[in-house]
Amino acid sequence: MTHKKSLSQEYEKHVADKLIKFDAGQWTALHELQTLLDELHIYREKLAQLKRWHWKSPPVTAWQGLYLFGDVGRGKSMLMEWLYAACELPKKRRVHFHVFMQEVHLFVHQHPNQNALPLLAKHIHDTTQLLCFDEFFINDIADAMLISQLFGVLFNEGVIIVITSNYHPDKLYPNGLQRESLLPFIDLLHAKTAIIELNGEQDYRLTKPIDTVTRYFYPLNAQTEIAISQYNTKAVFSFAELCDQPKGAQDYLKLAAQIDTLVLTHIPQLTPDKHNETRRFITLIDVLYEYKVMLICSAEVSIDELHIDKQHKHDFDRTRSRLIEMQSAQYLR
Ligand SMILES: Nc1ncnc2c1ncn2[C@@H]1O[C@H](COP(=O)(O)OP(=O)(O)OP(=O)(O)O)[C@@H](O)[C@H]1O
Ligand SMILES: [Mg+2]
């Protein structure tokens, strides 16, 4: 068998090549990731020797998963990506929260008269040994209840779940309606996953060299109109068209899958009265970022002034960080 590089060797190489800066928190987290990885590989070998293929409750130490949390741009998705790439299990999957929730809803919809969740859990268990779940958050208690049931079964069946989130489990769904119904799920995360904080000093996204051509234009004036009209693409939408209407992740996912470039015009300043519009805009940017769509914007104010509502502050930090990274040369490549 060829000897693969360990995650820390990979990390050291990235640092030596100046692709990343050494970050003590990431370094510590990597060792947890490596431990999980080693155990999975050992378990797989064992099963192979016994000529048994049924994957159930793998004897991985105390944890059946990892929960990486921290502020935006701290490298959570990067480390998860590395773990995912290094994992030699055949049945592995990395999925974004929005995409996963769409699938859950679709499945439930297609099985109206049955107890859909156990069926779905079985399907996932049959096809997935390692499930990497990027950008986990809760903003809907009904979704939370679905996820909670599903994760309960998946953990019991031995599926390994790795999560990244901007929220510590205890801080998920802050001030949400019926938050108390979320508590058993939070307990489940505590019981089953190693909770690891990544909180380097800076948002690494903001350290990227920004392309000299800006694609975020403000304020809304004739000059901005001209700048925007230079981009030759069919996908031109106003903020009102995409974010004032009752649209959701599903609509944005459909759109993002069809386009490389999106021109989004007339983004207003997101004041507290624009609660729903803000929520949709956050989702839209998450989806465009996930699908690596090039984004050109015209807006009333600068990225810094775009959001002045306390309510979505934490989530909007991610949006702001992304809007900036989406203009970097690296993102555009
Ligand atoms: N130690 C580092 N040095 C330099 N760049 C880094 C480092 N760690 C991560 N990055 C880069 O910073 C960017 C953001 O990282 P990543 O997407 O993993 O952050 P995140 O924690 O998942 O953020 P979010 O909460 O917004 O999802 C990536 O382009 C990544 O390559
Ligand atoms: Mg991330």
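The residue numbering used here restarts from 1 in each chain and proceeds along that chain's sequence as written. Going through the entries in the order they are written, you letter the chains from A and number the ligands from 1. Totals for whole chains, interfaces and linings use every residue, but because this is a predicted model, local features are given only for residues with pLDDT of at least 70 and side-chain atom pairs only at 80 or more, for both listing and counting.

Participant: Sorry if this is basic, but what is going on with the site of ligand 1 here?
Facilitator: Being near a molecule or strand means, for a residue, that its C-beta atom, positioned from the backbone, comes within 6 Å of it. Inspection of the region around ligand 1 gives 18 residues, with Ile-20, Gly-75, Ser-77, Met-78 and Tyr-204 positioned closest. Numbering of helices and strands starts at the N terminus; helices are DSSP runs of H or I of at least 4 residues and strands are runs of E of at least 2. Elements that contribute at least two residues to the shell around ligand 1 include exactly α3 (76-86) and α12 (313-325). Ranked by the residues each element gives to the shell around ligand 1, the list is headed by α3, at three residues.

Participant: Would you mind going over the environment of Thr-193 with me for this structure?
Facilitator: You can see Thr-193 is positioned in strand β5 (residues 193-197). Every C-beta atom is placed from the backbone, and the number of other C-beta atoms within 10 Å of a residue's own sets its class: buried at 20 or more, exposed at 12 or fewer, partly exposed in between. According to the C-beta neighbour criterion, Thr-193 is buried, with 22 such atoms within 10 Å. Measuring from C-alpha to C-alpha, the distance between Thr-193 and Ile-161 comes to 8.1 Å, with 32 residues separating the pair along the chain. Two residues qualify as a contact pair if the distance between their C-beta atoms, derived from the backbone, is within 7 Å. Beyond its immediate stretch of four places on either side in the chain, Thr-193 contacts Trp-63, Gln-64, Gly-65, Leu-66, Tyr-67 and Ile-163.

Participant: Sorry if this is basic, but what is going on with the domain arrangement of the chain here?
Facilitator: Each assigned domain of the chain is listed here: domain 1 (7-197) and domain 2 (208-332). Domain segmentation is taken from an automatic or database assignment of domains. Put simply, the middle of domain 1 and the middle of domain 2, counted by C-alpha atoms, are 29 Å apart. At the junction of the two partners, domain 1 supplies nine residues and domain 2 supplies 11 residues. Counting residues per element, the side of domain 1 that touches domain 2 draws most heavily on helix α4 (residues 97-110), at four residues. Taken together, the residues that form the side of domain 1 that touches domain 2 break down as three nonpolar, five polar and one charged. Only Asp, Glu, Lys and Arg are considered charged, only Ala, Val, Leu, Ile, Met, Phe, Trp, Tyr, Cys and Pro nonpolar, and every remaining residue, Gly among them, polar.

Participant: What is the right way to read the sheet that holds strand β9 (residues 294-299) from this model?
Facilitator: Across a sheet, strands are paired by hydrogen bonds formed along the backbone, either parallel or antiparallel in direction. Read across the open sheet, the four strands follow the order β6-β9-β8-β7; overall the sheet is parallel. Every other strand in the sheet has two partners, leaving β6 (216-217) and β7 (236-238) as the edge strands with one partner each. A pair of strands is labelled paired if DSSP reports no fewer than 2 bridges between them.

Participant: When you look at helix α2 (residues 24-49) in this model, what are you seeing that I'm missing?
Facilitator: Helical periodicity: at 3.6 residues per turn, an α-helix aligns residues three or four positions apart in one direction. In this analysis, the expected span of each helix is defined as 1.5 Å times one less than the number of residues it contains. Compared with an ideal rise of 1.5 Å per residue, which puts 26 residues at 38 Å, α2 spans 38 Å between its outermost C-alpha atoms and is within 8% of the ideal. Where α2 is buried, its residues touch α1 (7-16), β1 (65-69), α3, β4 (160-165) and β5. Looking at the residues trailing α2, positive phi occurs at Lys-51, about 50°.

Participant: Would you mind going over the pairing of strand β3 (residues 130-134) with me for this structure?
Facilitator: Successive residues of a regular strand alternate their side chains across the two faces of the sheet. Of all five residues in β3, five are buried; the element is thus mostly enclosed. Where β3 lies against β4, four bridges are found, and the strand directions are parallel. Along β4, the bridge assignment pairs Leu-131 with Ile-161.

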